[in-house]
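Overview (structure and organization)
Next come the chains, spelled out residue by residue.
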Amino acid sequence: GGGIGPFEFWESQNMLLNICAKLEEENWERNERQETLVGIRVMVHKARQLGISALSRSIVLHSMIFKRDIDALSASIGQKEIGELYDRDQAILAQVPWWMKPEFGFNVKNEHTHFVKLNNRLMYQDSKQTSGLGIGRRFDMAHLTECAAWDNPLTIELDFFPTTIPA
């Protein structure tokens, strides 16, 4: 029904969570065999209004609140869409109970957020920026949206994918 409240998963969101759970289990098995971990990488080619962006924002922020030393990237087609992602994140963070709220080191609208005590950073980038997507960084997690409408979707493969390779 919209608005902010306890997360009630839609069928489409449960489908994605089940895929992620399977990949998580495979990573644990790889870890037990002392093999290289590949992480969880999922590309969702979807119809509109399936709740995938809402779920993705929640997953990113959950990690940012409950883990340390996370570098995350959020990217979309333009500044208006980046603003939408940023606003959604701020709405979620505003609802976190006071005792769970991370302390901001800085929070620059539509650019980046830093949780100082957790040493977590969340960057927002535009697909049209000239410096390339995620260039010069390494990201633990990311949410890219509206990718089919990007002027140059190859920037995802050529610029962004190398930033997700484990150090």
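Structure: see above.
Heads up: these notes are all about the structure in this document. (Residues numbered from 1 in each chain as written. Predicted model: local features only at pLDDT ≥ 70, side-chain atom pairs only at ≥ 80, totals over all residues. Heavy atoms only, no water.)

1. Overview of the pairing of strand β4 (residues 120–126)
Judged by how many residues are buried, β4 sits mostly within the fold: six of seven residues are covered. With six bridges connecting them, strand β1 (residues 71–76) and β4 associate as parallel partners. Bridge pairing in β4 links D71 to R121. Taken together, the four bridges between strand β3 (residues 112–115) and β4 define a ladder with antiparallel strand orientation. Following the sheet pairing, T113 is matched in β4 by L122. (Buried < 20%, exposed > 50% of the residue type's maximum accessible area, 1.4 Å probe, protein only. Helix = DSSP H or I, 4+ residues; strand = E, 2+ residues; numbered from the N terminus. Pairing = 2+ DSSP bridges.)

2. Focus: the sheet that holds strand β5 (residues 141–144)
Here we have five strands laid out as an open sheet, ordered β2-β3-β4-β1-β5, and mixed in their pairing. The open sheet is flanked by β2 (104–108) and β5, the only strands paired with a single partner. Strand after strand, the sheet turns through a mean of 10° between neighbouring axes, direction not considered. Note: β2 against β3, four bridges, orientation antiparallel. For N107, the partnering residue across the bridge sits in β3 and is T113. Across the face of the sheet, helix α2 (residues 52–66) comes into contact with β1, β3, β4 and β5 while running at roughly 145° to β4. (Axes fitted to C-alpha atoms, helices over the stretch in contact; angles between N-to-C directions. Contact = heavy atoms within 4.5 Å.)

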